[in-house]
Amino acid sequence: MFTAQPRSTENIQHVLTVGRSLEITTGGGKSRRRKIGQVPSHQRSCCWKVKAVIQSENNNKSTKLVEKSGNGSLVTSDKGIDVKAVITLRKKMKENITDKIEDQWESLMNGIGRGILIQLISQDIDPVTKSGKFAESYVRGWLSKPSDHPYIVEYAANFTVPHDFGRPGAIIITNLLDKEIHLVQIVVHGFNEGPLFFSVNTWIHSQKDNPESRIIFQNQAYLPSQTPAGMKDLRREDLLSIRGNGKEERKLHERIYDYDVYNDLGNPDKSEDLARPLVGGKERPYPRRCRTGRGPTKTDPLAESRIEKPHPVYVPRDETFEEIKQNTFSAGRLKALLHNLVPLIAATLSSSDIPFTNFSDIDKLYNDGFVLNDDEHSKKNKFLSDTLVKVFSVSKRLLKYEIPAIIKRDRFSWLRDSEFARQALAGVNPVNIELLREFPIVSKLDPAVYGPPDSAITRDFIEQELNGLSIEEAIEDKRLFILDYHDMLLPFIGKMNSLPGRKAYASRTLFFYTSRGVLKPIIIELSLPPTPSSPRNKRICSHGHDATNHWIWNLAKAHVCSNDAGVHQLVNHWLRTHACMEPYIIATHRQLSSMHPIYKLLHPHMRYTLEINALARQSLINGGGVIEACFSPGKYSMEISSAAYKSMWRFDMEALPADLIRRGMAVEDPSMPLGLKLVIEDYPYAADGLLIWSAIKEYVESYVEHYYSDPNSVKSDVELQDWWNEIKNKGHADKKNEPWWPKLVTKEDLSGILTTMIWIASGQHAAINFGQYPFGGYVPNRPTLMRKLIPHEEDPSYENFIIHPEKTFLASLATQLQATKVMAVQDTLSTHSADEEYMHQLHEIHRFSINDHEVLKIFERFCTKLEEIEDTINQRNKDIRLKNRSGAGIPPYELLLPTSGPGVTCRGIPNSISI
């Protein structure tokens with residue numbers, strides 16, 4: 001605050017800021033400037049700074065200069081309410097000498113009041129200006145006050161505000177330092193309501209990077225129509241600042257959220273072989289990603305130029321990993337893996353990239369490990385040693401893997417048909433199995449291109465496996481099931497098989513549910529594109545009773561598993577969780593104010609997703625990345641993912657109950673919880689998933705009811721309606737005209753949409769992600785690619801197959817280099833970070849962002865419910881009647897247990913897609 005004493009008693013009409021001075025205009029039209037020091041930078045429409053001079057009642061006395069904001073406050077130097085704001089900042093965990101010098105400079109600047117400027121904005125308005133009241137102060141204090149946490153520092157700012165100032169609803173913060181600061185929270189003391197919390201956990205850019213200040217709202221949720229008058233302009237302005245203008249390349253300090261297509265996966269400037277088609281649009285529809293705005297490549301004007309590792313890809317600043325995640329497991333581990341370990345594995349094995357010759361070679365990865373070459377690459381990367389020694393058992397260049405859960409109890413379980421079938425219900429990809437509802441099985445592909453539509457699976461083949469039942473009886477009794485990748489993959493098989501070292505089929509697998517309550521595979525159909533000499537290029541395999549057919553059957557199962565691994569990774573994991581969540585997150589930031597109750601509800605479920613997706617575009621799903629190198633579809637991976645999005649993806653079918661009913665794995669039953677009954681009771685993913693879904697649904701409905709008590713409140717919420725429209729029209733633009741999009745009119749509509757989104761980010765992702773290494777870490781159990789077709793009797797390789805079937809089997813799998821690479825990635829993707837935030841912690845998480853005891857009780861009930869669900873799942877895993885989750889050598893199904901510690905645990909439900 002300022003006090004000014006004019007030299008005369010002339011009638012001063014107004015004062016304006018000009019640079020670092022006040023321009024004072026008198027009634028006589030004369031003006032003069034007076035230097036006042038640092039003038040706050042926030043000059044936008046709702047917070048522009050104006051200085052007003054109020055004439056004293058006695059013109060013979062000096063007048064007092066007070067601050068007046070565009071929001072209307074008059075803050076005099078008369079005695080008012082003494083207010084103190086405590087600002088909490090977080091420092092780096094690991095500081096070099098430069099960081100320490102900058103910390104000292106920061107303390108000095110804050111000490112003399114030139115580091116951080118904070119401005120309190122009242123919820124109340126001035127009756128004259130119709131805008132919020134205003135007060136400001138610099139952070140002061142020669143030394144920061146350390147907290148109990150070594151990386152946290154606290155500063156204070158003191159205010160004196162009028163008695164009628166009202167309750168602060170927002171803070172405008174200006175960072176005058178030369179570097180960004182990480183603001184944890186601001187707590188304002190001195191008002192009658194008690195301490196007022198502004199918990200944000202956000203990066204505040206330096207004024208030198210961006211002259212605009214940041215707006216921080218108090219921990220109170222408001223619908224747009226309920227926004228206090230003094231905060232309405234700020235609410236609108238903050239949203240505008242996040243959206244950007246759709247132009248220019250984004251800078252790392254920015255927090256701009258916008259959309260773009262996947263045009264950044266290829267690198268045609270580096271190599272023609274690394275050119276990749278644009279994904280997103282009419283030809284190859286796809287969800288949108290976060291826009292970075294980089295310029296085009298020199299070779300292809302439609303392709304965005306690449307940022308290669310280890311340089312970071314832009315994501316809005318608050319979406320980046322926090323330092324603890326970078327320095328512990330998931331993120332730092334993944335970056336170390338992609339930037340260092342995978343190239344080092346390649347350097348070690350590339351000169352002898354050979355297949356496994358016997359099963360002992362695979363066992364050595366867990367028992368003995370292998371020595372990494374200490375080449376020039378590794379010498380330059382001390383980070384490799386520092387990080388990977390802790391997380392990959394890399395010691396003295398020895399890489400050694402943990403024994404995967406699937407073989408830890410029974411190393412031969414993967415060979416059994418019952419285990420092959422069990423993993424369709426309780427493995428890492430339990431979301432593709434369907435009830436067979438009609439026979440014959442018919443393809444929907446164009447027969448002019450892909451041959452006769454009828455499957456080669458005949459009635460005779462099936463009925464000899466049905467223990468006396470007819471096909472019609474088995475279908476009526478709901479005892480036939482199918483894993484059908486025929487139509488999804490056949491259009492790509494020819495291109496895939498033209499790639500070096502790749503051979504695949506489009507597969508169908510039939511299962512029979514026995515009277516003993518066990519699912520067993522009975523027939524596998526393997527299809528290749530038709531040729532003039534073989535228009536029906538299909539092969540039928542069944543579990544034979546002689547040695548030759550036994551090995552052919554094992555090879556057929558391996559091909560099915562390879563297809564399953566590819567569909568799992570590219571469709572169910574990447575597309576349906578990672579990629580589809582990204583537009584929801586972008587729209588939430590662009591259209592819902594941070595004080596909107598739905599923003600606050602969704603915020604924990606958006607953590608780290610944009611960053612992990614950006615890292616995936618850089619090193620996993622990109623041209624020449626790990627997915628292309630280690631999975632059967634190779635360079636056609638994202639085209640398959642796009643085709644699946646086009647033909648299969650529907651938002652309304654992403655809800656768990658709807659998905660189960662669509663696949664025929666559940667039937668509607670009003671007498672059952674959630675109104676449906678599982679066709680196979682012992683379906684661990686579905687049984688446990690429905691418990692989690694029900695708990696999410698219940699707490700979301702209670703939350704929505706709390707804020708939307710008026711029948712028309714959903715329809716009249718302008719931010720909410722813009723949010724949903726943007727998700728459909730921009731985020732999923734290629735599907736915007738589909739008739740199946742849910743309407744957003746009622747509380748029930750909103751609850752259903754939110755339940756689906758939260759389920760995808762939490763339970764669904766947990767179920768299909770954290771079992772990747774436990775199930776896929778043993779290559780024969782879940783090969784990610786196959787290198788050879790199954791030999792026929794007339795093939796030259798058939799004789800070698802008869803003599804050495806084990807070598808033929810192993811030679812068909814990924815090479816040692818490919819397998820070791822993908823094992824490292826699967827191990828990392830299955831790892832929980834030490835700073836993971838889980839669903840059962842939502843009550844504690846929201847305690848810092850929502851100031852409403854009734855709402856906190858909703859989250860507390862939800863967390864209690866999750867504890868009950870964990871007990872229920874543990875009891876199910878001990879039930880000997882449930883053979884898909886218990887028995888000799890069978891690992892319990894724990895992927896949907898809510899809690900977990902750090903590491904590869906094969907359990908735990910994080911709030912968000914954070915790895």
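Here's a quick rundown of the structure. Just so we're clear, the structure is a prediction, and the values are computed from it rather than from any experiment.

1. A few points about the pairing of strand 14 (residues 196–204)
Step number 1: Here strand 13 (residues 181–189) runs beside strand 14; their pairing, made up of seven bridges, is antiparallel. From the neighbouring strand, isoleucine 186 faces strand 14, where its bridge partner is phenylalanine 198.
Step number 2: Taking the residues that link successive antiparallel strands as the turn, the strand 13-strand 14 hairpin has six residues, and the phi of glycine 190 there is positive, at about 120°.

2. Notes on the pairing of strand 7 (residues 81–90)
Step number 1: For strand 7 and strand 11 (residues 152–161), the ladder comprises 10 bridges, and the chain directions are antiparallel. Its bridge partner lying in strand 11, lysine 84 is registered against asparagine 158.
Step number 2: Direction of pairing for strand 7 relative to strand 13: antiparallel, over a ladder of seven bridges. Residue pairing across strands places isoleucine 87 opposite isoleucine 186, the latter belonging to strand 13.

3. Some points on the layout of surface pockets
Step number 1: For the second largest pocket, the calculated volume is near 1200 Å³.
Step number 2: Forming the boundary of the second largest pocket are 38 residues, of which Glu434, Lys444, Asp484, Asp487 and Met648 lie nearest the centre.
Step number 3: Listed by contribution, the elements that provide at least two residues to the lining of the second largest pocket are strand 20 (434–435), strand 21 (480–484), helix 13 (486–497), helix 14 (547–591) and helix 18 (637–648).
Step number 4: In terms of residue class, the lining of the second largest pocket is built from 17 nonpolar, six polar and 15 charged.

4. Description of the sheet that holds strand 8 (residues 116–125)
In sheet architecture, strand pairing relies on hydrogen bonds along the backbone and comes in two forms, parallel and antiparallel.
Step number 1: Pairing is antiparallel in the open sheet, where four strands are placed in the order 9-8-12-15. Looking along the sheet, the strands with just one partner apiece sit at the ends: strand 9 (132–138) and strand 15 (214–217). Neighbour to neighbour, the strand axes of the sheet diverge by 25° on average, direction disregarded.
Step number 2: Bridge count for strand 8 against strand 12 (residues 168–175) is seven bridges, and the pairing is antiparallel. Bridging across to strand 12, isoleucine 121 finds its partner in alanine 170.
Step number 3: In this fold helix 2 (residues 232–243) packs onto strand 8, strand 12 and strand 15, with an angle of close to 125° to the strand it touches most, strand 15.

5. Quick word on the packing of aromatic side chains
Step number 1: Scanning the entire structure with this criterion turns up 27 aromatic pairs.
Step number 2: Taking 5.9 Å as the distance between ring centres and 85° as the angle between the ring planes, the aromatic pair formed by tyrosine 584 and phenylalanine 651 counts as edge-to-face. Residue tyrosine 584 is found in helix 14, and its partner phenylalanine 651 is found in the loop between helix 18 and helix 19 (656–662); the two are separated by 67 residues along the sequence.
Step number 3: Residue class for phenylalanine 651 comes out buried when judged on its relative accessible area of 2%.
Step number 4: Measuring from ring centre to ring centre gives 6.3 Å for tryptophan 693 and tryptophan 759, while their planes differ by 80°; the resulting arrangement is edge-to-face. With tryptophan 693 in helix 20 (residues 684–707) and tryptophan 759 in helix 22 (residues 747–769), this pair connects stretches of sequence that are 66 residues apart.
Step number 5: Judged by relative accessible area, tryptophan 693 falls into the buried class, the value being 6%.

Calculation criteria
- Residues numbered from 1 in each chain as written.
- Predicted model: local features only at pLDDT ≥ 70, side-chain atom pairs only at ≥ 80, totals over all residues.
- Heavy atoms only, no water.
- Pairing = 2+ DSSP bridges.
- Helix = DSSP H or I, 4+ residues; strand = E, 2+ residues; numbered from the N terminus.
- 1 Å grid on protein atoms, 1.4 Å probe; cavity = no way out; pocket = protein on both sides within 12 Å on 5 of 7 lines; lining within 4 Å.
- Points joined across faces, edges and corners; volume = space filled by probe spheres on them.
- Nonpolar A, V, L, I, M, F, W, Y, C, P; charged D, E, K, R; others polar.
- Axes fitted to C-alpha atoms, helices over the stretch in contact; angles between N-to-C directions.
- Contact = heavy atoms within 4.5 Å.
- Phe/Tyr/Trp six-rings, centres within 6.5 Å; stacked < 30°, edge-to-face > 60°.
- Buried < 20%, exposed > 50% of the residue type's maximum accessible area, 1.4 Å probe, protein only.

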